[in-house]
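Descriptive analysis of the structure
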Amino acid sequence: MSKYTVALIGGDGTGPEVLAEAMKVVRAAADRCNITLETTDYDFGGNRYLATGEILPDSALDEFRRHDAILLGAIGHPDVKPGILEKGILLRTRFELDQYINLRPVKLYPNVETPIKNKGPEDIDFVVVRENSAGLYTGFGGVQKKGTPHEVAEQCMVYTRFEVDRCLKFAFDIARKRNKANTLTLCGKTNVLTYVYDLWERAFHEMGAAQYPDIKREYAHVDAITMWMVKNPEWFDVIVTGNMFGDIITDLGAMVQGGMGIAAGGNINPEGVSMFEPIGGSAPKYTGLNVINPLACIFAGQMMLDYLGEQEAARLVETACVDFLKSGRLTGLSAREIQECGLSTTQIGDNIANRVATL
């Protein structure tokens, strides 16, 4: 019997609702596969911040380190200034737990509409590996003469060879593990960001030639990547890129696969504790209405099981989700469309969990 400890952060808005359904499905898969899950609930988010002024205490990071994984609902509160919770909870957790990989599968499932004309599930199935701990988002820089006509704002993109190499290694390993097209595409901007992406490109080819001769290497500027993701998504197998470009192209990827309602991601530390989350926001106007789509959080739970090494449990969750989508009961992913289908958040979770139990 396998045993894991999971930290649960419901967060804000509809986050606790989708997290509850994700765990319902994850537990159903765990039961089928003789897995024991021990969970710890944390109330970090907007309500706690408004009540106590506390965002994320130092003790929380120590507690997170004692878990095998973290599963998150959503962060974002309408009464809290944007950036406070996101930086204080999400970015701080990523940086302090050294979750240096953001892993984003871009996969179109049956009966999910993509805005891309004449493309289906056979065309859209790739992975973006985003460097998650360096670059512009670390805050190198500052402001001088703020509020004056001579104000200067500076934010610097800084990468070390160590940071680049460990991200590339993860991406090469993913391409080899997928064993699909065995192709890794580096997304950069070598014609303008000549220092940073020269480092990325040299490291990319050096590592590939020395350690991954079985993986085909390709390069594309970020603007070309966005164009081809829309025109020919079937060209891609695994894409690796830096923090800022990765942030942008993964949101495009979410829309390519049908929208934020189905996209999930992982913040990965291959040697430590990783955190998994749905990509959509907290949708505060739907809080408590039991109409939000939980599929993205369920897929985040599926990613968590796979990361923990429980591939059979992860397969059960994905298969049950696909069966539910194929059933035609859900004709859209938005809250309005879910209501029109006569479904609720809990009914979707029940349906998928029941399917897991009977597969």
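Below: a short report on this structure. (Residues numbered from 1 in each chain as written. Predicted model: local features only at pLDDT ≥ 70, side-chain atom pairs only at ≥ 80, totals over all residues. Heavy atoms only, no water.)

Notes on the packing of aromatic side chains
In the structure shown here, the tally under the stated rule is 12 aromatic pairs. Seen in terms of ring centroids, Phe 44 and Phe 64 are 6.2 Å apart; in terms of plane orientation they differ by 80°. Their pairing is edge-to-face. Of this pair, Phe 44 sits in the loop between β2 (35–42) and α2 (46–52) while Phe 64 sits in helix α3 (residues 58–65), placing them 20 residues apart in sequence. Residue Phe 44 shares its accessibility class with Phe 64, and that shared class is buried. Taken together through their ring pairs, the aromatic side chains of Tyr 159, Tyr 197, Trp 200 and Phe 245 make up a single cluster. (Phe/Tyr/Trp six-rings, centres within 6.5 Å; stacked < 30°, edge-to-face > 60°. Helix = DSSP H or I, 4+ residues; strand = E, 2+ residues; numbered from the N terminus. Buried < 20%, exposed > 50% of the residue type's maximum accessible area, 1.4 Å probe, protein only.)

Section: the sheet that holds strand β8 (residues 183–188)
Pairing in this open sheet of 10 strands is mixed, and the strands run β2-β1-β3-β12-β11-β4-β5-β10-β8-β9 from one edge to the other. Taken across any chain shown, the strands that pair with only one partner, and hence form the sheet edges, are β2 and β9 (216–221). Each strand axis lies, on average, 25° off the axis of its neighbour in the sheet, ignoring direction. Here 3 bridges tie strand β4 (residues 101–107) to strand β11 (residues 264–268), and the two strands are oriented antiparallel to one another. Paired with Ile 101 across the strands is Ile 268, a residue of β11. (Pairing = 2+ DSSP bridges. Axes fitted to C-alpha atoms, helices over the stretch in contact; angles between N-to-C directions.)

Section: the pairing of β4
Consecutive side chains of a regular strand alternate in pointing toward one face of the sheet and then the other. For β4, a buried count of 5 out of 7 residues is recorded, marking the element as mostly surrounded by other parts of the structure. Pairing between β4 and strand β5 (residues 125–131): 7 bridges, direction antiparallel. Bridging across to β5, Pro 105 finds its partner in Val 127.

A few points about the side chain of Thr 185
Considering the arrangement of structural elements, one finds Thr 185 in strand β8. Judged by its relative accessible area of 2%, Thr 185 falls in the buried class. Residues in contact with Thr 185, not counting those within four places in the same chain, are Glu 218, Tyr 219, Ala 220, Ile 225, Phe 236, Val 238, Ile 239 and Val 240. (Contact = heavy atoms within 4.5 Å.)

A word on α3
Every buried residue of α3 is listed here: Ala 60, Leu 61 and Phe 64. All buried residues of α3 project into a common sector of 100° when viewed along the axis, lining one side. On the buried face of α3, the contacting elements are β1 (2–11), β2, β3 (69–74) and α4 (84–96). (Arc of directions from axis to C-beta.)

Everything listed here is a matter of geometry and, on its own, says nothing about what the molecule does.
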